[in-house]
Amino acid sequence: MALNVDEIRSDFPILKRDVRGVPLVYLDSGATSQKPSVVLDAERAFYETSNAAVHRGAHALAEEATDAYESAREVIAGFVGASSDEIVFTKNATEAINLVAYAFSNATDKHRQGIEVDPRFVLRPGDNIVVTEMEHHANLIPWQEVCAKTGATLKWFGITADGRLDMESNPIDQNTKIVSVVHQSNILGTINPIEDIMRMAHSAGALGFVDMCQSVPHMPVDVHATGADFAAWSGHKMLGPTGIGLLWGKSELLNAMPPFLSGGSMIEMVNMDHSTYAPAPQRFEAGVPMVAQAVALATAVGYLEQIGMDNVAEHEHELTEYLLNRLQELPGVHIIGPPNAIDRGSAVSFVVDGMHPHDVGHIMDSRGVAVRVGHHCAWPTCRRFDVPATTRITPYLYNSRADMDAAVEAIVAAQEFFGVLPESEKVGL
Amino acid sequence: MSDDLYQEIILDHYKNPRGVHSLDHALAESHQVNPTCGDEVTVWVGEGDNGSLDVAYVGQGCSISQASASVMSELVAGKDAATVSKLEDAFMELMQSKGNLQPDEDVLEDAIAFAGVSKYPARIKCALISWMALKDARIKAGLTDHASDIDEEN
Ligand SMILES: Cc1ncc(COP(=O)(O)O)c(C=O)c1O
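Keep in mind that what you see is a predicted model, and the values were worked out from it rather than measured.

What chain B contains, in helices and strands, is six helices and three strands. Along chain B, from the amino end to the carboxyl end, the secondary structure elements read α-β-β-β-α-α-α-α-α. Its C-alpha atoms give chain B a radius of gyration of 14 Å, near enough to 15 Å, the size a compact globule of 154 residues would have. Along the three orthogonal principal directions, the C-alpha set of chain B runs to about 45 × 30 × 30 Å. Within chain B, the proportion of its 154 residues that are buried is 53%.

Another aspect to go through is the interface of chain B and chain A. With 22 residues of chain B at the contact, the number on the chain A side is 23 residues. Roughly 1,800 Å² is buried in total at the junction of chain B and chain A, and carbon and sulfur atoms are behind 63% of that figure. For the pair chain B and chain A, the number of links is one salt bridge. A:D359 is paired through a salt bridge with B:R123; the nearest N and O atoms lie 2.9 Å apart.

Attention shifts here to the site of the ligand. All names here are of chain A. Taken together, 13 residues lie near the ligand, and T94, D211, S234, H236 and K237 sit nearest. In the environment of the ligand, an oxygen atom lies 2.8 Å from a nitrogen or oxygen atom belonging to the side chain of Q214. Burial of the ligand by the protein amounts to 89% of the accessible area it has alone, namely 400 Å². For the shell around the ligand, the residue count by class is four nonpolar, seven polar and two charged.

Turning our attention to the sheet that holds strand β7 (residues 165-166) of chain A. Strand pairing in a sheet takes place through backbone hydrogen bonds and is either antiparallel or parallel in direction. Residues and elements named next belong to chain A. Taken in spatial order, the eight strands line up as β4-β11-β10-β9-β8-β5-β6-β7 in an open sheet, and their pairing is mixed. Looking at the sheet topology across the chains shown, the edges are occupied by β4 (87-90) and β7. In this sheet, strand β11 (residues 245-249) lies alongside β4 in antiparallel orientation, the contact comprising four bridges. Within β11, the position partnered with F89 by the bridge is L246.

Here we take up the pairing of strand β1 (residues 28-34) of chain B. Residue and element names in this part refer to chain B. Residue alternation in β1 divides its side chains into a buried set, A28, S30, Q32 and N34, and an unburied set, E29, H31 and V33. Summarising the sheet, β1 and strand β2 (residues 39-47) pair through seven bridges and their orientation is antiparallel. Note that in β2 the partner of E29 across the bridge is W44. Between β1 and β2, which pair antiparallel and follow one another directly, the connecting turn spans four residues, one of which, G38, has a positive phi of 85°.

For the rest of this paragraph, the subject is the side chain of A:S50. Along the chain, A:S50 turns up in the loop between α2 (37-49) and α3 (60-79). Among the polar contacts listed, one links the side chain of A:S50 to the side chain of A:T49, at a separation of 3.2 Å.

Quick look at the domain arrangement of chain A now. Residues and elements named next belong to chain A. Split into domains, chain A comes out as domain 1 (5-30 + 308-426) and domain 2 (42-305). Placing a centre on the C-alpha atoms of domain 1 and another on those of domain 2 gives a separation of 30 Å. Across the contact, 37 residues belong to domain 1 and 33 residues belong to domain 2. Summed over both sides, the interface between domain 1 and domain 2 buries roughly 2,700 Å², with carbon and sulfur atoms accounting for 56% of that surface. Of all residues in domain 1, M309, R384 and Y396 bury the most surface against domain 2, accounting for 22% of the area lost on that side. Seen at the junction of domain 1 and domain 2, the total is zero salt bridges.

What follows deals with the pattern of salt bridges. Residues and elements named next belong to chain A. Counted under the stated rule, the structure contains 20 salt bridges over all chains. In this structure, D28 and R392 form a salt bridge, with 3.5 Å as the shortest nitrogen-oxygen distance. Placement of D28 in the loop between β3 (25-26) and α2 and of R392 in strand β18 (residues 390-393) is noted, with a sequence separation of 364 residues between them. Here D28 matches R392 in class, with each residue buried. With a closest N to O distance of 2.9 Å, R120 and D118 form a salt bridge. Overall, the relative accessible area of 30% leaves R120 in the partly exposed class. Via salt bridges that share partners, E70, R73 and E285 belong to a single interconnected network.

Right, let's get into the nonpolar core. Residue and element names in this part refer to chain A. Of all hydrophobic cores here, the largest spans 79 residues; its most connected members are W233, M238, L239, L304, L397 and Y398. Here the element with the most residues in this core is helix α8 (residues 291-307); it accounts for twelve residues. Here this core spans two domains, and each of domain 1 (5-30 + 308-426) and domain 2 (42-305) adds at least three residues to it. Residues contacting W233, with those up to four places away along its chain left out, are I76, V80, I87, A93, M212, C213, V216, M238, G245, L246 and W248.

Further remarks concern the packing of helix α3 (residues 81-95) of chain B against helix α5 (residues 121-140) of chain B. All names here are of chain B. Between α3 and α5, the least distance of the axes is 11 Å, while the angle of their chain directions is 155°. The angle between α3 and α5 falls in the class roughly antiparallel. Both α3 and α5 take part in a crossing whose hand is left-handed. Together, A81, V84, S85, L87, E88, D89, F91, M92 and M95 of α3 and I124, A127, L128, W131, L134, K135 and R138 of α5 make up the contact between the two elements. For the contact of α3 with α5, the class distribution of residues is eleven nonpolar, one polar and four charged.

Each value, and the rule that gives it
Residues numbered from 1 in each chain as written. Chains lettered and ligands numbered in written order. Predicted model: local features only at pLDDT ≥ 70, side-chain atom pairs only at ≥ 80, totals over all residues. Heavy atoms only, no water. Helix = DSSP H or I, 4+ residues; strand = E, 2+ residues; numbered from the N terminus. Rg over C-alpha atoms; globule rule 2.2 N^0.38 Å. Buried < 20%, exposed > 50% of the residue type's maximum accessible area, 1.4 Å probe, protein only. Contact = heavy atoms within 4.5 Å. Buried area = accessible area lost by both parts, 1.4 Å probe. Salt bridge = Lys/Arg side-chain N within 4 Å of Asp/Glu carboxyl O. Near = heavy atom within 4 Å. Polar contact = N/O pair within 3.5 Å; in protein donor to acceptor, adjacent residues only side chain to side chain. Areas by Shrake-Rupley, 256 points an atom, 1.4 Å probe, with all protein chains shown as cover. Nonpolar A, V, L, I, M, F, W, Y, C, P; charged D, E, K, R; others polar. Pairing = 2+ DSSP bridges. Domains from an automatic or database assignment. Core = buried A, V, L, I, M, F, W, Y, C linked by side-chain atoms within 4.5 Å. Axes fitted to C-alpha atoms, helices over the stretch in contact; angles between N-to-C directions. Parallel < 35°, antiparallel > 145°, perpendicular 65-115°, else oblique. Left-handed = near helix turned anticlockwise from the far one by under 90°.

Put into structure tokens, the structure is as follows:
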């Protein structure tokens, strides 16, 4: 079913505004999505009617707030085919990844002190952790840190020239303890064969983690069906508010992990010299959590479900195919990432001959077209393609073909302004 | 379109950069990066004739960062440390002005073309990195004179 983009757009107040004197064309949803009124209203309504600290106190508001928070967990779990006890609320995806990375380094520390921990989280020199060359820094640096602390080695899948994972470079072996892979690359748009990779991880006796920041907002995802053990994503990229992220983990594993942040709300019994911890997910939710954001995110999920994630994915697929074709007609413009829309999401990165991405983005912005420029927190991926940065267009459910046309026209205008259209006089860079 | 940012002088320096080379007799160098967009510049500072500075650079990045490095290298050529230090301060002040400062063309010459950059917070760092590298290399080389240099040495 084709989406009614006009109707959807009318739900997003910010899309009506002008920037720099011209109408906004928002094409940076890969960085963060805009929010429909229902989401904003839900957050406000929570504060106006039920605000209280959750899981504390016995008064009516505390009960209502706890109920709202736990119901939100159920809605969000249901959206990805999980059960509520498998969903941990974090501040963002970055924190969710760190939570699991720290389970490894904390378990390793405890093991070294002779404290009994689950051996699946203990790392020794000689062990390795596997990622890919197309990870967002959020799924790279935490594992670099774990390696530095434990003596484990970081290994990675390389990338082919057309932006796919190079399966020949598979470094998974019997010493691999965890494989952490991005589902859809935020810079290349590639959708990776995570089911295969999770299977390889498990055959080697390793655990599997998937960074779903760019998949859960854009396509139907059943976390169990992917074969992963853990997944992380952020609320703000799926029409929800900032300040809330999600960790999904198999219950049995979450309960085998040491805590990450500690303090109130995550305990079972507390004495002056030692404590025991609550089962997951409470074990990983220390302190008063982001209740209003959870409520608003559940509303965002409801909004997406009403439209249907199949429809969102199909709409984005059409836009992506159209955009890729139009970009490839432009002389001097090169796509960084898969050039066709097969196994590919809507993040479309490109470079323009003779122009730095920052300049391309700036001139697009002067025409109201908001795109991301830079290394997109995937610096090693840029290095792989020998570019300092890219310009990236990431359409979402509220974008239309007209927005793709506006972007393409803005790119041509940038080329004209810089005098780098290949027909015109040659520019030495 | 974007005329306030992309002055003709900037585009000219971007397409035909001056001062791009390394310096054999450099006393110090400084490598600066702009992690948000990957701009990079390395500036070398050495002693020239009659107490003047020799400055050279290599870099890669956006038009603003590379044109700024080129304009800087021309502007400081043959000047002494005290004058260069004052130029650094004047350029920094211009970049922090949010577009509300009428730059002194007698002092900043071609660098006044960057006045418009100060209205775009995301681009200010681009214009500044070569100047930051210059100051860092100059202080490392001990080519200081201006009182403010001493305070800022940390
Ligand atoms: C693929 C990917 N992973 C991780 C992140 C980090 O998300 P957050 O900054 O919300 O923690 C992002 C967001 O840019 C992303 O696109």
